[in-house]
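Overview (structure and organization)
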Amino acid sequence: MKKIQRALISTYDKTGLISLAKTLAQYGVEILSTGGTADTLRESGIEIREVSDYTGFPEMLDGRVKTLHPKIHGGLLAMRDNPDHVAQASNQGIGFIDLVVSNLYPFEETIAEEGVELAEAIENIDIGGPSMIRAAAKNYHDVAILTAPQQYPDVIAELDTNDGCLSEGTRFQLAKAAFAHTAHYDAAISRYLADLDAPDTDFPDLLDLQYESAQSLRYGENPHQRAAFYPTHASPEPCAAWANQLSGQPLSFNNILDLEAAIEIVKDFCEPACVIIKHNNPCGLATADSLEAAFNDALDCDRISAFGCVIGLNQKVSLKAANTIREVANAGIKVDAIIAPSYTPKALRALSRVKRRPILETGELRQDASIKQIRNVIGGVLVQDRDLHEITPDDLKVVTKRQPTDEEIESLLFAWKACKHVKSNCVLLAQGSKTVGIGAGQMSRVDSCIIAARKAGDRAEASVLASDAYFPFPDGVEIAGEAGVRAIIQPGGSVGDQPVIETADRYGMAMVFTGVRHFRH
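We now turn to the structure provided with this report. (Residues numbered from 1 in each chain as written. Predicted model: local features only at pLDDT ≥ 70, side-chain atom pairs only at ≥ 80, totals over all residues. Heavy atoms only, no water.)

1. Looking at the overall build of the protein
Short version of the rule: A helix here means a DSSP run of H or I that spans at least four residues, while a strand means a run of E at least two residues long, and both kinds are numbered starting from the N terminus. The reference for a compact globule is 2.2 Å times residues^0.38; the radius of gyration itself is calculated from the C-alpha atoms. Contacts: residue pairs with any heavy atoms within 4.5 Å of one another. With residues, only the protein chains shown are counted as cover, and all accessible areas are computed by Shrake-Rupley using a 1.4 Å probe.
When helices and strands are tallied, the protein shows 18 helices and 23 strands. The globule rule puts the C-alpha radius of gyration for 521 residues at 24 Å, and the 31 Å found for the protein is more than 25% above it. Overall, the protein is about 100 × 50 × 40 Å in size when its C-alpha atoms are taken along their principal axes. Once local pairs closer than 6 in sequence are excluded, the contacts in the protein between residues at least 24 apart make up 60%. Total accessible area on the protein stands at roughly 25,600 Å², and carbon and sulfur atoms take up 51% of it.

Okay, structure coming up:
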């Protein structure tokens, strides 16, 4: 245990500061402070000593130099059990500082403001704060460092329990948090300045990725795998990772993956949309005039696979939509989780009657094309643009003798947008704006065709087909023709395009090329 005898407090965020300072004063701690922090403490009746009085050197350069002084850093870095350090400090009139409370100028908040100029961003780069934080953290054997108001209550409790002392274990944990704090701060500055140098470069030479631990998960994909969840520092757009959980049990590893798949799919649609997710793939997707109609249409695609599903919706959930979901769940189709932009109070009460089922709210949906997708591999990460490419009727190239009808084009575009969210190889059958058969994740495209046609059954008749990549051979098109498919959308570009087109002509199908592939590995 180390007795806290002198503390230096210099913070931008004053949250909870008065309670901490009063506790320190209660144990006779001398408090050094600067600028606005000193004023705040004085106004609350807490006796402080200005750092400039302590060092004998005034603040200068518009406050850029406050704590950068040997009496501060010597007092932080001197090792109390090193006789030479103690003697040198004594000879120079340097007193020991046992506790630092510091948080930094709000650099990230500043650069997030619209129209912020470089000069303003530069002035919000803290210099003295990180220097003190790192010095205190390096010498954690003798010095405690607090960098966040969330830490104050536990430290206050420990001071009260131990008559103004803190344990080395606590100081070590605080030091680790301090280095993480300064690392995040420096990374934000580095990213900002790098973006200024190359504003058109989306893939920087140095990629800094920092995530903050949110929770330990019960287990990973399987019970023998440990897991935890680390979201980004702030929400990049409405998403599953930053959704507000309104009810239900804590999320599992697989819940989070499926919830993300669900909300990202329905973001693609303006009309009321519903997707039903199993194992990160849609087993049903539809748009309609209402959420409840979209839900029923999505469910009809594959009711067997829907057992144990995650449901994604793209608009505020009404009581009518909630009751439609409840009726299906009560009839034996298990719903594991639901995610949507928002819920009416009555809808939320209805869906929350199953106490264990997680219900998540994202807020109004939008997409930011500047956000990158990142995938981990052992030893590195892969970074790419999101697949947000839009296809319009004007982009379609008709390659068959038969032209698709307007209704078929509309359905083809729905199916094309849907198939990009299915694991490749993907073949998807749709009628209107609802899926009727999905063949996902097969090693050969012909197998995906067989599965999609089998899932659709009689509904394959007069349906349309979307393939996420080209048909290398006519066999998949033959299966579609035999099943009754009337139109196909695919990228094209295979050396075998001509026999594929001829097969479509033989079955009287329309076929359009997009020139764009939709692999989802």
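Okay, back to it.
2. Topic: the nonpolar core
Selection rule: Think of a nonpolar core as a cluster: buried Ala, Val, Leu, Ile, Met, Phe, Trp, Tyr and Cys residues, connected wherever their side-chain atoms sit within 4.5 Å. We call a residue buried when its accessible area falls under 20% of the maximum for its residue type, exposed when it is over 50%, and partly exposed in between, using a 1.4 Å probe and counting protein chains only.
Membership of the largest hydrophobic core comes to 48 residues, with the highest contact counts inside it found for Leu-24 and Leu-76. Per-element accounting of this core gives the leading share, seven residues, to helix H10 (residues 168-197). Filtering out sequence-adjacent residues up to four positions away, Leu-24 remains in contact with Ile-4, Ala-7, Ile-9, Val-29, Ile-31, Leu-99 and Leu-159. Residues Val-310, Leu-365, Ile-391 and Ala-430 belong to the second largest nonpolar core, which totals 46 residues.

3. As for the pattern of salt bridges
To keep it simple, the criterion reads: The salt bridge criterion pairs a side-chain nitrogen of Lys or Arg with a carboxyl oxygen of Asp or Glu, the two atoms within 4 Å.
Counted according to the given criterion, the structure contains 22 salt bridges. For Lys-267, the salt bridge identified is with Glu-264, shortest N-O distance 2.8 Å. Looking at Lys-267, the relative accessible area reads 9%, which means it is buried. Of the charged contacts, one joins Asp-336 and Lys-334 as a salt bridge, the two residues approaching to 2.3 Å between their closest N and O atoms. On the basis of relative accessible area, Lys-334 is assigned to the partly exposed category, the value being 41%. Each of Glu-237, Glu-264, Lys-267 and Arg-386 takes part in a single network of salt bridges with overlapping partners.

4. Points about a negative patch on the surface
Put simply, the rule is: A residue counts toward a patch only above 30% relative accessible area and without a salt bridge, and it is joined to like-charged neighbours within 9 Å or, for Val, Leu, Ile, Met, Phe, Trp and Tyr, to nonpolar neighbours within 5 Å. For the purpose of counting charges, residues Lys and Arg are taken to be positive, whereas Asp and Glu are taken to be negative. His and the chain ends are not included. To locate a charge, the coordinates of NZ of Lys, CZ of Arg, CG of Asp or CD of Glu are taken.
On the surface, a cluster of negative charge is made up of Glu-271, Asp-406, Glu-407 and Glu-410. Note that Glu-407 resides in helix H15 (residues 406-419).

5. A closer look at unusual backbone geometry
Of note, the amide linkage connecting Ser-424 to Asn-425 takes the cis form, showing an omega dihedral of 0 degrees. On the secondary structure map, Asn-425 appears in the loop between H15 and strand E19 (427-431). Residue Asn-280 is not a glycine yet carries a positive backbone phi of 70 degrees. Structurally, the position occupied by Asn-280 is in the loop between strand E11 (273-278) and strand E12 (281-287). The phi torsion at Ala-462 lies on the positive side, around 65 degrees, for a residue other than glycine. Inspection of the secondary structure puts Ala-462 in the loop between helix H16 (445-456) and strand E21 (464-467).

6. Looking at the packing of aromatic side chains
What counts here: Within 6.5 Å between ring centres, the rings of Phe, Tyr and Trp (the latter by its six-membered ring) count as paired, and their orientation is classed by plane angle as stacked under 30 degrees, edge-to-face over 60, tilted in between.
Enumeration according to the criterion identifies two aromatic pairs in this entry. Look at Tyr-140 and Phe-172: their rings are 4.9 Å apart centre to centre, the planes differ by 45 degrees, and that puts the pair in the tilted class. Highlighted residues: Tyr-140 in the loop between helix H8 (128-138) and strand E6 (144-146) and Phe-172 in helix H10, separated in sequence by 32 residues. Seen from their ring centres, Phe-269 and Phe-414 are 5.7 Å apart, and the 45 degrees between their planes marks the pair as tilted. With a gap of 145 residues between them, Phe-269 in the loop between helix H11 (253-266) and E11 and Phe-414 in helix H15 connect regions that are remote in the sequence. Each member of the pair, Phe-269 as well as Phe-414, carries the same accessibility label: buried.

7. Some remarks on the pairing of E19
Note the threshold: Two strands pair under a simple rule: DSSP has to find at least two bridges between them.
Extensive coverage of E19 is indicated by the burial of four of its five residues. Sheet topology places E19 next to strand E20 (residues 434-439); five bridges connect them, and they run antiparallel. Directly across from Ala-430, in E20, lies its bridge partner Thr-435. Between the antiparallel neighbours E19 and E20 lie two residues, among them Gly-432 with a positive phi of about 60 degrees. Judged from the four bridges that link them, E19 and E21 form a sheet pairing that is antiparallel. Bridge pairing links Val-427 to Ser-467 in E21.

8. A few points about H15
Going by this rule: Given a helix with a known number of residues, its expected span is that number minus one, times 1.5 Å.
Relative to the 20 Å expected for 14 residues at 1.5 Å per residue, H15 spans 20 Å between its end C-alpha atoms, a close match to the ideal helical length. Extensive coverage of H15 is indicated by the burial of 10 of its 14 residues. Looking only at H15, the buried set comprises Glu-408, Ile-409, Ser-411, Leu-412, Leu-413, Phe-414, Ala-415, Trp-416, Ala-418 and Cys-419. At its buried positions, H15 is contacted by E12, E19, E20, E21, strand E22 (487-490) and strand E23 (510-513).

9. Here's the deal with a nonpolar patch on the surface
Where nonpolar side chains cluster on the molecular surface, the patch consists of Phe-203, Leu-207, Leu-209, Tyr-211, Tyr-230, Ile-374, Val-381 and Val-383 and spans about 650 Å² of accessible area. Examined against the element boundaries, Tyr-230 turns out to sit in the loop between strand E9 (227-229) and strand E10 (244-247).

10. Observations regarding the environment of Leu-206
Along the polypeptide, Leu-206 turns up in the loop between H10 and strand E8 (215-217). Its relative accessible area of 58% is what places Leu-206 among the exposed residues. Here the alpha-carbon distance between Leu-206 and Val-29, two residues 177 residues apart in the chain, equals 44 Å.

11. Digging into the packing of helix H1 (residues 17-26) against helix H2 (residues 35-43)
This is how the line gets drawn: Under this scheme, a helix contributes an axis fitted over its contacting stretch, all axes are lines through C-alpha atoms, and angles between N-to-C directions fall in the 0 to 180 degree range. Here is the rule for angles: anything less than 35 degrees is roughly parallel, anything more than 145 is roughly antiparallel, 65 through 115 is roughly perpendicular, and the remaining ranges are oblique. Amino acids outside the nonpolar list (Ala, Val, Leu, Ile, Met, Phe, Trp, Tyr, Cys, Pro) and the charged list (Asp, Glu, Lys, Arg) are all regarded as polar, and Gly is one of them.
The N-to-C vectors of H1 and H2 enclose an angle of 70 degrees; their axes lie 10 Å apart at closest approach. Here H1 lies roughly perpendicular to H2, going by the angle between them. Across from Leu-17, Ile-18 and Ala-21 in H1, the residues of H2 making contact are Thr-37, Thr-40 and Leu-41. Grouping the amino acids of the contact of H1 with H2 by side-chain chemistry returns four nonpolar, two polar and no charged.

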